[in-house]
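Notes for the structure review
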Amino acid sequence: MKALVMSEPGHVKMTEIPTPVPKEDEVLVKIHASGICVNDVRDFKGDCNFSYPRIGGHEYAGEICEMGSAVNKDRFHVGQKVVTYIIDNCNECYYCKNGYENVCPDFSHTTAYQNPDGISGFGGFAQYITAKASDLYICEDHVSYEKLALTEPIACVLNSINKSNVEFGDDVLVIGGGTMGMLHVMLAHLRGARVILSEPMKERRDKALELGANDVIDPMNTDAVAEVKKLTGGMGAKVVFDTTAVPALALQAIECTAKCGTVVMFSSLHPNKPVEVNLGAIHSTQVNITGAQNGSVKTFWQAVQIMNKGVFDPTPLIEAVYDYNDFDEAMACAMRPDTYKVVLKMEDHDK
Ligand SMILES: [Zn+2]
Ligand SMILES: [Zn+2]
């Protein structure tokens, strides 16, 4: 099969490698679309601690094209549209047994990160991938592969929103209007909240207003904290999602949170500089500070259902679709600070 192999950061070449063979409880998935994540961009720039060679891409969708002998034939069949749970958790530890499989410590020791004996990575930038049948989610034919490539980002955002318990009529502040920020805007809106977006780029603020934000703030030209307080009757937002990688904004996120509210550190911080938090204030405001990482088994399921059932359409966040033979152009587009999700399309399959 063909795969986009990164020999070292910044160097990706279409390479012929053996097509993986599914074990008896696995299927072979023919990948049709694969999103480029911020994480792939950082990897390309050399900002990640991975081993090389590597095949990136963890936001993929495809169809079953081969089934292992033990795969349940009542549930799965060749030609079925699927996405897969991408976190290779152990299913054995405390976290896995208590519904926190998305933070299973074993995951960071898998070949998704380091593979000294071969190719590391999630493998989504390739024509085929194997997956355990138990990791599959069945998708409806009417949902395009391009849309389904956003399942993983949506699952991450649903995990974030579920942790915050957004309710009808709540004030929600989203900091940052990139793809993940905008998904928070759209999904918090869907959940019945009044959504405020803080974002310096005007085009993004305008887009947010179209996608469900009720109010927008330009943090470069206004005092964002004062503005949020003004919009919320002096209280602050009940839930704040920080979707930016800027450490200083984490403090702002906390300051914008209402008493007894929740602030979710959704993004990882780059550079991850420690920030000084006034914990005395947390004592008296009872603000909950938490994080959200990855999608869970459940939020992947939820992400697929809202697209299968026509409740949610991520199309406005698809910036461009590139043929995967044009990876460098696609990556250049994904690297631009003003773009949303870039999706690679794989069409020319023949093992
Ligand atoms: Zn991602
Ligand atoms: Zn585990």
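Residues numbered from 1 in each chain as written. Chains lettered and ligands numbered in written order. Predicted model: local features only at pLDDT ≥ 70, side-chain atom pairs only at ≥ 80, totals over all residues. Heavy atoms only, no water.

The sites that carry the UniProt feature "domain: Alcohol dehydrogenase-like N-terminal" (unreviewed entry) are, in the present numbering, residues 24-137. Split by type, residues 24-137 is 11% helix and 27% strand. Its first and last C-alpha atoms lie 18 Å apart. (UniProt positions renumbered as here; feature names shortened; annotations may be inferred. Helix = DSSP H or I, 4+ residues; strand = E, 2+ residues; numbered from the N terminus.)

Structurally, the position occupied by His58 is in the loop between helix H1 (38-45) and strand S4 (59-67). Look at His58 and you get buried, because its relative accessible area is 7%. Within polar-contact distance, the side chain of His58 engages the side chain of Glu59 at 3.4 Å. (Buried < 20%, exposed > 50% of the residue type's maximum accessible area, 1.4 Å probe, protein only. Polar contact = N/O pair within 3.5 Å; in protein donor to acceptor, adjacent residues only side chain to side chain.)

Turning our attention to the domain arrangement of the protein chain. Accessible area lost on assembly of the parts is the figure often given for the size of an interface. Under the domain assignment, the protein chain is made up of domain 1 (2-150 + 314-345) and domain 2 (157-291). Using C-alpha coordinates to define each centre, domain 1 is positioned 29 Å away from domain 2. With nine residues of domain 1 in contact, the opposing surface of domain 2 contributes 14 residues. Roughly 970 Å² is buried in total at the junction of domain 1 and domain 2, and carbon and sulfur atoms are behind 60% of that figure. Looking only at domain 1, the three residues that lose the most surface to domain 2 are Arg42, Leu317 and Tyr340, adding up to 55% of its buried area. Between the two partners, domain 1 and domain 2, sit zero salt bridges. In this structure, the connection of domain 1 to domain 2 is made through seven residue pairs in polar contact (both at pLDDT 80 or more). Its residues placed into classes, the side of domain 1 that touches domain 2 shows four nonpolar, two polar and three charged. (Domains from an automatic or database assignment. Contact = heavy atoms within 4.5 Å. Buried area = accessible area lost by both parts, 1.4 Å probe. Salt bridge = Lys/Arg side-chain N within 4 Å of Asp/Glu carboxyl O. Nonpolar A, V, L, I, M, F, W, Y, C, P; charged D, E, K, R; others polar.)

Here we take up the packing of aromatic side chains. In the structure shown here, the tally under the stated rule is ten aromatic pairs. With a centroid separation of 5.8 Å and 25 degrees between ring planes, the pair formed by Tyr137 and Phe300 is classed as stacked. Of this pair, Tyr137 sits in strand S7 (residues 136-138) while Phe300 sits in helix H10 (residues 297-308), placing them 163 residues apart in sequence. For the pair formed by Tyr137 and Phe300, the shared burial category is buried. Aromatic rings pair up to connect Phe50, Phe107, Tyr113 and Phe122 into one cluster. In this structure, Arg54 is placed above the aromatic ring of Phe50, and the distance from its NZ or CZ to the ring centre is 3.6 Å. Residue placement shows Lys207 over the ring face of Tyr340; its charged tip is 5.0 Å from the ring centre. (Phe/Tyr/Trp six-rings, centres within 6.5 Å; stacked < 30°, edge-to-face > 60°. Lys NZ or Arg CZ within 6 Å of the ring centre and 35° of its normal.)

The subject of this paragraph is unusual backbone geometry. For residues other than glycine, phi is negative in most cases, and the peptide bonds are mostly trans. Geometrically, the link from Tyr52 to Pro53 is a cis peptide bond, its omega value of 5 degrees lying close to zero. Note that Pro53 resides in the loop between H1 and S4. A positive phi angle is found at Asn165, which is not glycine, with a value near 55 degrees. By the secondary structure assignment, Asn165 is in the loop between helix H4 (151-164) and strand S8 (171-175). By relative accessible area, which is 42% here, Asn165 ends up partly exposed. One non-glycine residue with positive phi stands out, namely Cys260, at about 65 degrees. Looking at where Cys260 falls in the secondary structure, it is placed in strand S12 (residues 257-265).

Counting through the fold element by element, Glu63 comes out in strand S4. For the buried residue Glu63, which engages in no salt bridge, the nearest side chain bearing the opposite charge is Lys30, 4.3 Å off. Within polar-contact distance, the side chain of Glu63 engages the side chain of His32 at 2.8 Å. Excluding anything up to four places from it in sequence, Glu63 contacts Leu28, Val29, Lys30, His32, Gly79, Gln80, Lys81, Val82 and Tyr145. (Lys, Arg positive; Asp, Glu negative; His and termini not counted.)

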